[in-house]
Amino acid sequence: AQYRRADAPDYSAGIAQAFVTAKVTNARTVLQRALRDHGDGSGAGSVASAVDELARVLERLQEPLDLDTVRGAEGDAARTYFGVFDHLIVAQKDAFYFHERTRRPPLDNVNALLSFVYTLLTHDARAALEAVGLDPQVGFLHRDRPGRPSLALDLIEEFRPFLADRLVLSLINRRQAQASGFVRSETGGVTMDDDTRKAVLVAYQERKNEELKHPFLGEDTTVGMLPHLQALMLARLLRDDLDGYPAFIWR
């Protein structure tokens, strides 16, 4: 059923739209929380404008869209969100600054942290999908490429702002990550030393142990169980046991 549905453009667009809507909603909430906690900062006006722009993207996502349009909306939202991400960093600004998202390799300390936590989250999503009988390689939002876990990348979209980005910001703003723990190679790529990597892993596991009420199921759970619960509901959708995919929306 997964392979058949992934080959249907309209069906793929519907699921992709649910993933992206949740991602943009959660990203907007991250910015709103930052305004509440640090609303007197120099970047508050830019962050407030980004909140409004993400609201406009969400309005576009309320209508049925084709897959390319959904991807375009996701790209617009990402540019808006990461365009003000540096304003959310309020400590150690000389060592932790953010200009743009860079990968393979990350070109600054913040991108090194983001990439590492996104990788951890992708591993968890992949395991969750396999546990419910889904193929992590065959996605709806992300195109299939050899060796890329496209469905796992789909699934983590709704968790990137809520779990990964907030964790990275906490590590920096609470000074749990230090500039001395990052190494720049001759080619410009930035990596973490073993102690910093270990500290991030510990913080990630601690965050996964935090409890919350699932917004759709209404049951108490932990952050670490969210990928498994969402994978289970995605499998139920593909088996026609659900009418739509209830993506995770952070309250």
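In short, a report on the structure.

1. Some words on the overall build of the protein chain
Logical step 1: Tallying secondary structure elements over the protein chain gives nine helices and four strands in all.
Logical step 2: Taking 2.2 N^0.38 as the reference for a compact globule, 251 residues should give roughly 18 Å; the C-alpha atoms of the protein chain span a radius of gyration of 18 Å, in line with that estimate.
Logical step 3: Seen along its three principal axes, the alpha-carbon backbone of the protein chain occupies a region of about 50 × 40 × 40 Å.
Logical step 4: When each of the 251 residues of the protein chain is scored for burial, the buried share is 55%.

2. A closer look at the packing of helix 2 (residues 9-38) against helix 7 (residues 160-173)
Logical step 1: Remark: helix 2 packs on helix 7, axes separated minimally by 8 Å, with the N-to-C direction vectors making an angle of 40 degrees. What the angle tells us is that helix 2 and helix 7 run oblique. Residues Lys-23, Asn-26, Ala-27 and Val-30 of helix 2 lie in contact with helix 7, whose contacting residues are Arg-160, Pro-161, Phe-162 and Arg-166.

3. Let's talk about the nonpolar core
Logical step 1: The biggest cluster of nonpolar side chains holds 85 residues, and the ones touching the most others in it are Leu-31, Phe-85, Phe-96, Leu-113 and Leu-234.
Logical step 2: Once you skip the residues sitting within four places of it in the chain, Leu-234 turns out to touch Ile-15, Phe-19, Leu-129, Leu-134, Leu-151 and Tyr-245.

4. Remarks on the packing of aromatic side chains
Logical step 1: Counted under the stated rule, the structure contains 10 aromatic pairs.
Logical step 2: Between Phe-162 and Trp-250 the ring centres are 5.5 Å apart and the planes differ by 55 degrees, which places this aromatic pair in the tilted class. Highlighted residues: Phe-162 in helix 7 and Trp-250 in the segment after helix 9 (226-238), separated in sequence by 88 residues.
Logical step 3: Residue Phe-162 is classed as buried on the basis of its relative accessible area of 7%.

5. Notes on the packing of helix 7 against helix 8 (residues 194-208)
Logical step 1: At their nearest, the axes of helix 7 and helix 8 sit 11 Å apart, and the two run at 125 degrees to each other. It follows that helix 7 is oblique to helix 8 by the angle criterion. At the point where helix 7 passes helix 8, the crossing takes the right-handed sense. Residues Leu-163, Arg-166, Leu-167, Ser-170 and Leu-171 of helix 7 touch helix 8, and the partners they reach there are Val-200, Ala-203, Tyr-204 and Arg-207.
Logical step 2: Of the residues contributing to the contact of helix 7 with helix 8, the split by class is six nonpolar, one polar and two charged.

6. A look at helix 7
Logical step 1: In this model helix 7 runs 18 Å from its N-terminal to its C-terminal C-alpha over 14 residues, within 8% of the 20 Å that 1.5 Å per residue would give.
Logical step 2: Judged by how many residues are buried, helix 7 sits mostly within the fold: 12 of 14 residues are covered.
Logical step 3: Note on helix 7: the residue one or two positions beyond its end, Arg-175, has a positive phi of about 60 degrees.

7. Description of unusual backbone geometry
Logical step 1: At the junction of Arg-104 and Pro-105, the peptide bond is cis and its omega measures out at 0 degrees in the coordinates.
Logical step 2: Mapped onto the elements of the fold, Pro-105 is located in the loop between helix 4 (67-83) and helix 5 (109-131).
Logical step 3: In this structure, Gln-92 takes a positive phi of about 55 degrees despite not being glycine.
Logical step 4: Tracing the chain through its elements places Gln-92 in the loop between helix 4 and helix 5.
Logical step 5: Along the chain, the position of Arg-104 falls in the loop between helix 4 and helix 5.

The rules we used
- Residues numbered from 1 in each chain as written.
- Predicted model: local features only at pLDDT ≥ 70, side-chain atom pairs only at ≥ 80, totals over all residues.
- Heavy atoms only, no water.
- Helix = DSSP H or I, 4+ residues; strand = E, 2+ residues; numbered from the N terminus.
- Rg over C-alpha atoms; globule rule 2.2 N^0.38 Å.
- Buried < 20%, exposed > 50% of the residue type's maximum accessible area, 1.4 Å probe, protein only.
- Axes fitted to C-alpha atoms, helices over the stretch in contact; angles between N-to-C directions.
- Parallel < 35°, antiparallel > 145°, perpendicular 65-115°, else oblique.
- Contact = heavy atoms within 4.5 Å.
- Core = buried A, V, L, I, M, F, W, Y, C linked by side-chain atoms within 4.5 Å.
- Phe/Tyr/Trp six-rings, centres within 6.5 Å; stacked < 30°, edge-to-face > 60°.
- Left-handed = near helix turned anticlockwise from the far one by under 90°.
- Nonpolar A, V, L, I, M, F, W, Y, C, P; charged D, E, K, R; others polar.
- Expected span 1.5 Å × (residues − 1).

Nothing here speaks to function; it is all geometry.
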